[in-house]
Amino acid sequence: MRIALATFSLMACLLTACGSTEDDTAARPPTLQTRDGTAANWQPLPANATISAETRQARQRILGIDALDAGQVKVWWYGVSSFIMAAGGHLFLLDAWEVVGVHKGYVPITRDDLVALKPEAIFIGHGHFDHAADAGYIASRTGAALIAGDSVCDQARTAAADNPEAVDFRCLRLGLEADNPAGSVFSTRVFANMPAVQIIKHTHSAADPASLTTGGMPLVYTPEILPFLLNLNTDLNETLTFLQSLPNDGGVGQPEGGTWAYQFRVGNFSLLWNDSTGSMEEGEQTAEAVSAALASLPDCVDVHLGAIVGFGMLTSAYRDALAYVAAAKPKLFIPNHHDAWFPVIGGGATAYETQWTQALMSLPNPPRQDYLRDPDDYLKARSFDTGAAEWASNCQ
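A quick note: this is a predicted structure, and the numbers were derived from the prediction, not measured. (Residues numbered from 1 in each chain as written. Predicted model: local features only at pLDDT ≥ 70, side-chain atom pairs only at ≥ 80, totals over all residues. Heavy atoms only, no water.)

S.K.: So what exactly am I meant to see when it comes to the pattern of salt bridges here?
M.R.: Where charged atoms of side chains with opposite charge meet at close range, the side chains can pair. Evaluated as defined, the whole model comprises 16 salt bridges. Each of the salt bridges in this network shares a partner with another, and the network as a whole consists of Glu98, Arg111, Asp134 and Glu238. (Salt bridge = Lys/Arg side-chain N within 4 Å of Asp/Glu carboxyl O.)

S.K.: Looking at this model, I keep getting lost on the packing of aromatic side chains. Mind explaining?
M.R.: Each aromatic ring pair is characterised by the separation of its centres together with the angle its planes make. For the structure on display, the rule yields 22 aromatic pairs. Each ring, one from Tyr221 and one from Tyr352, has its centre 5.0 Å from the other, and the planes form 45 degrees; the classification is tilted. Note that Tyr221 is positioned in the loop between β10 (197-202) and α7 (226-230) and Tyr352 in helix α12 (residues 349-361), a separation of 131 residues in sequence. Judged by relative accessible area, which is 5%, Tyr221 ranks as buried. Overall, the relative accessible area of 1% leaves Tyr352 in the buried class. Pairwise contacts between aromatic rings join Phe92, Phe123, Phe191, Tyr262, Phe264 and Trp273 into one cluster. The positively charged end of Arg111 is found above the aromatic ring belonging to Tyr137, 5.9 Å away from the centroid. The side chain of Lys201 reaches across the aromatic face of Trp260, ending 5.6 Å from its centre. (Phe/Tyr/Trp six-rings, centres within 6.5 Å; stacked < 30°, edge-to-face > 60°. Helix = DSSP H or I, 4+ residues; strand = E, 2+ residues; numbered from the N terminus. Buried < 20%, exposed > 50% of the residue type's maximum accessible area, 1.4 Å probe, protein only. Lys NZ or Arg CZ within 6 Å of the ring centre and 35° of its normal.)

S.K.: Could you clarify how one ought to interpret empty space enclosed by the protein in this entry?
M.R.: Vacant regions in the atomic arrangement are exposed by a probe of water-molecule size rolled over the atoms. This structure, assessed with the given rule, holds 2 cavities of 30 Å³ or more. The space that makes up the largest cavity amounts to roughly 60 Å³. Residue lining of the largest cavity: Ser205, Thr277, Ile308, Val309, Gly310, Phe311, Gly312, Met313, Ala317, Tyr318, Asp320 and Ala321, and that is the complete set. Taken together, the residues of the lining of the largest cavity break down into 7 nonpolar, 4 polar and 1 charged. One number sums up the size of the second largest cavity: a volume of about 30 Å³. What lines the second largest cavity is Val75, Trp77, Phe83, Ile334, Leu372, Asp377, Lys380 and Arg382. By residue class, the composition of the lining of the second largest cavity is 5 nonpolar, no polar and 3 charged. (1 Å grid on protein atoms, 1.4 Å probe; cavity = no way out; pocket = protein on both sides within 12 Å on 5 of 7 lines; lining within 4 Å. Points joined across faces, edges and corners; volume = space filled by probe spheres on them. Nonpolar A, V, L, I, M, F, W, Y, C, P; charged D, E, K, R; others polar.)

S.K.: Would you take a moment to explain unusual backbone geometry for this structure?
M.R.: A negative phi angle is the norm for most residues apart from glycine, just as the trans form is the norm for most peptide bonds. At the junction of Asp374 and Pro375, the peptide bond is cis and its omega measures out at -5 degrees in the coordinates. As for its placement among the helices and strands, Pro375 is situated in the loop between β15 (368-369) and β16 (382-385). One non-glycine residue, Val80, lies in the positive phi region at around 50 degrees. Counting through the fold element by element, Val80 comes out in the loop between β3 (72-77) and β4 (83-87). Judged by its relative accessible area of 1%, Val80 falls in the buried class. Within the chain, His337 stands out as a residue other than glycine whose phi angle is a positive 65 degrees.

S.K.: Can you help me understand the pairing of strand β14 (residues 332-336) in this one?
M.R.: Residues in a regular strand project their side chains so that they alternate between the two faces of the sheet. In terms of burial, β14 is a largely internal element, 5 of the 5 residues being buried. Side chains Leu332, Ile334 and Asn336 project from β14 onto one buried face, and the interleaved Phe333 and Pro335 project onto a second face that is buried too. Pairing of strand β13 (residues 303-307) with β14, which is carried by 5 bridges, proceeds in the parallel orientation. Each bridged residue has a counterpart across the sheet, and for Ala307 the counterpart in β14 is Asn336. The pairing of β14 with β15 spans 2 bridges and is parallel. Within β15, the residue paired with Leu332 across the bridge is Arg368. (Pairing = 2+ DSSP bridges.)

In structure tokens:
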């Protein structure tokens, strides 16, 4: 049964999403798009955001905090690769999607809860539905700045147009898939009181059939089914919304708006987040460029929130995710995109834990790991003291 699952998944991938394209266009710096589409130089978001009593109450109810400690970085996982993050006295989102489709209520937060938190910004790794379907909904109700590929910004503005009470929001447009080669890095000050965010262009996960001829193997696993049966979605409107979002940003292929990773730095501390891992065939030009970009990030990488599940595992198991970790050399690794977010292709954390942990520990000087498990770790804060001595040590 498990072998059949891997074979079926491989065939599906070969028919849909195994390709990866890049060109050699010179890197184009990000631009700001206002509601009328005018491009202008990006101006950092204010150092201090005004927070209403209502927002404080929502943050206390949902996250257990009513104030942000500038000396702490906190992250809360809310499904797939999505995190709520507090850093430098700011609260923002990494990806934006309420996990709803086949099931509903498995993750204990809704898109309206995300609106109530009033994030100041939304960073999108790529525009597929399971990462960005709610970006426009949230941004147009909070005014949160959107940092994303061009197609995601356009999609968000289309969604906002359907809301007669939409508020304006800024969009830092990162370009399209064809605009910048993989390995391009933009250093952009998103918040006035924080160091520049390193924005890394990389590629979306893709199967590599050629690796099967050089020792590559599909990852065989037993997916969890109970989360879907016990939390079945019976809301017709949610089902229709989910179905309409499936083609977003190129569907299951390479995202039209590109694929982006982000490094954030506060004090001695740095955090890298990526919501997909591209094909990392050894010696291949694009893979080498991505690896070099990850390896040369400033101040090293202390914590890495990295995707471990993608199309690449259908032909190359964990090769690609391991290559990202090996290049970034974090002190602590926290996986994402491994929960039961969609039947079969979202196997659930327990389906991957043993094989992934063994693979991670096989790396030279492997990082410590904090393995997130669904649903227990949803909205469970991970906290990091930005002044701690462990983050001030030299790079590996």
